Amino acid sequence: MSEILTINHRRFGIHQYGIEQGFPVFYFHGFPGSRLDGVSLNFDNQAKNANCRVIAVDRPGVGFSDYVDDRKLMDYADDIIRIADNLNINNFSVAGFSGGGPYALSVAFKIPERVQSVAFISGMGPMDFRECKKDNAMLVPKQTAAIRKLVAMCLQTATAKKPATLSALMKIILPMPDVRFLSSPKLELFFIENFKQNARGFLKDADIYRQPWGFSLSDIRTRVVLWHGSKDRNVSRRSAERIARELPNCKTNFLAGEGHFSLIGQHFTAILKQLL
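Everything numeric here is computed off the predicted structure, so don't read it as measured data.

Novice: Lay out the overall build of the protein chain with the relevant residues and their values.
Specialist: Of the regular secondary structure elements, the protein chain holds 12 helices and eight strands. For 276 residues, the compact-globule estimate of 2.2 N^0.38 gives 19 Å, and the protein chain sits close to it at 17 Å. Taken over the C-alpha atoms alone, the protein chain extends approximately 40 × 40 × 35 Å along its principal axes. Buried residues in the protein chain amount to 58% of all 276 residues. The contacts in the protein chain between residues at least 6 apart in sequence include a share of 78% that link residues at least 24 apart.

Structure (structure tokens):
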């Protein structure tokens, strides 16, 4: 269920999946995406099968969460601490999908005493990694500010007026495993909630992805499980392999025949079990 937490005069949108008494895992959504990624990706059943409580959080400016103008990647750990404390959760794991991957690693770096393990799922890498800069996931972040704004405005308009057309165009780009897995309404939901307020949250994410992360992957001591599909067209395998090499404590899971969305949509139970 979705709810709004008000903490220190800021609103945070969250949606919880799975079992309330299960092991807590904070989920960081994609780009675009929201706390409702799991509705499209069947999180509730998968989290129950893993005996987990998955708390999906809207980033600032997305869904129900208040926009924050001057935020940086490393600031997100402070938000997660506030939410975890509000929910009386001490230790937990984190799972970052696609554009949520950098946020998951930043939280693990900043508060290792509270993060048990990390799932890095089809995750975007640093812009200064040559392999990552070439990925389709970086098409918007690596553009000029003017072009980023134009793309965001077009996506916002299409989401509001012609979501079915937008999802049809996306399906031309996506690999067959993702097309088979995601119905049009499920795909549209990633955009609808991301642009629920306006395009500012999306644009802030794009700006953050193009900046230095503020830490080195080699300094992350928390255990990381990396999952990647061989048919992923958003993030390449070469990017995933580079990230895995940089992380000192990383277990890799490369799945043949899976795409960007189909991997997490069909294997989230197995991913969660690796975090326990």
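From this point, things continue past the structure.
Novice: If you had to explain the pairing of strand 6 (residues 115-121) to someone new, which residues and values would you point to?
Specialist: Burial analysis of strand 6 places six of its seven residues in the buried class, which makes it a mostly covered element. Across five bridges, the pairing between strand 5 (residues 92-97) and strand 6 is parallel. In the sheet register, Val94 faces strand 6, and the bridge partner there is Val118. Remark: the strand 5/helix 4 (residues 101-110)/strand 6 crossover connection has right-handed handedness.

Novice: Describe in detail the pairing of strand 8 (residues 250-255), supporting the description with residues and values.
Specialist: As paired elements, strand 7 (residues 223-229) and strand 8 share six bridges and run parallel to each other. Of the residues in strand 8, the one forming a bridge with Leu226 is Thr252. Tracing the backbone out of strand 7, into helix 11 (residues 237-246) and back to the parallel element strand 8 gives a crossover that is right-handed.

Novice: Any chance you could break down the sheet that holds strand 4 (residues 52-57) for me, citing the residues and the numbers?
Specialist: Judged by pairing direction, the sheet is mixed, and its eight strands sit side by side in the order 1-2-4-3-5-6-7-8 without closing on themselves. Each having just a single partner strand, strand 1 (2-7) and strand 8 make up the two edges of the open sheet. When strand polarity is set aside, the average angle formed by the axes of neighbouring strands in this sheet is 25°. By the bridge criterion, six bridges tie strand 3 (residues 23-28) to strand 4 in an arrangement that is parallel. Opposite Phe28, over in strand 4, you have Val57 as the bridge partner. Docked against the sheet, helix 4 engages strand 3, strand 5, strand 6 and strand 7, running at close to 160° with respect to strand 6.

Novice: So what about the pattern of salt bridges? Which residues, and what values?
Specialist: Oppositely charged side chains may form a pair once their charged atoms are brought near each other. Throughout the structure, instances matching the rule amount to 16 salt bridges. Between Asp79 and Arg10 there is a salt bridge; the shortest N-O distance is 2.9 Å. Pair noted here: Asp79 is in helix 3 (residues 76-86) and Arg10 is in strand 2 (residues 10-18), with a separation of 69 residues, a long-range link. Look at the salt bridges and you will find they share partners, linking Arg35, Asp58, Glu193 and Lys196 into a network.

About the thresholds
- The residue numbering used here restarts from 1 in each chain and proceeds along that chain's sequence as written.
- Thresholds applied to this predicted model are a pLDDT of at least 70 for local features of residues and 80 or more for the giving and counting of side-chain atom pairs; totals over whole chains, interfaces and linings are not thresholded and use all residues.
- Side-chain figures throughout are based on the complete set of non-hydrogen atoms in the structure, without hydrogens or water.
- Put simply, DSSP marks the helices as runs of H or I at least four residues long and the strands as runs of E at least two long, and each gets a number from the N terminus on.
- Radius of gyration here is computed from C-alpha atoms only, and the compact-globule reference equals 2.2 Å multiplied by the residue count raised to the power 0.38.
- Each residue is assigned to one of three classes by its accessible area relative to the maximum for its type, calculated with a 1.4 Å probe on protein chains only: buried under 20%, partly exposed between the two thresholds, exposed over 50%.
- The contact criterion used is simple: two residues touch if any of their non-hydrogen atoms lie within 4.5 Å.
- A pair of strands is considered paired only if DSSP assigns at least 2 bridges between the two.
- A right-handed crossover is one whose linking path, passing over the helix from the first strand to the second, runs clockwise when the strands point away from the viewer.
- For helices, the fitted line uses only the C-alpha atoms of the stretch in contact; every axis is such a line through C-alpha atoms, and the angle between N-to-C directions lies from 0 to 180 degrees.
- Counted as salt bridges are all cases of a side-chain nitrogen of Lys or Arg within 4 Å of a carboxyl oxygen of Asp or Glu.

Geometric descriptors of this kind do not, in isolation, establish any biological role.
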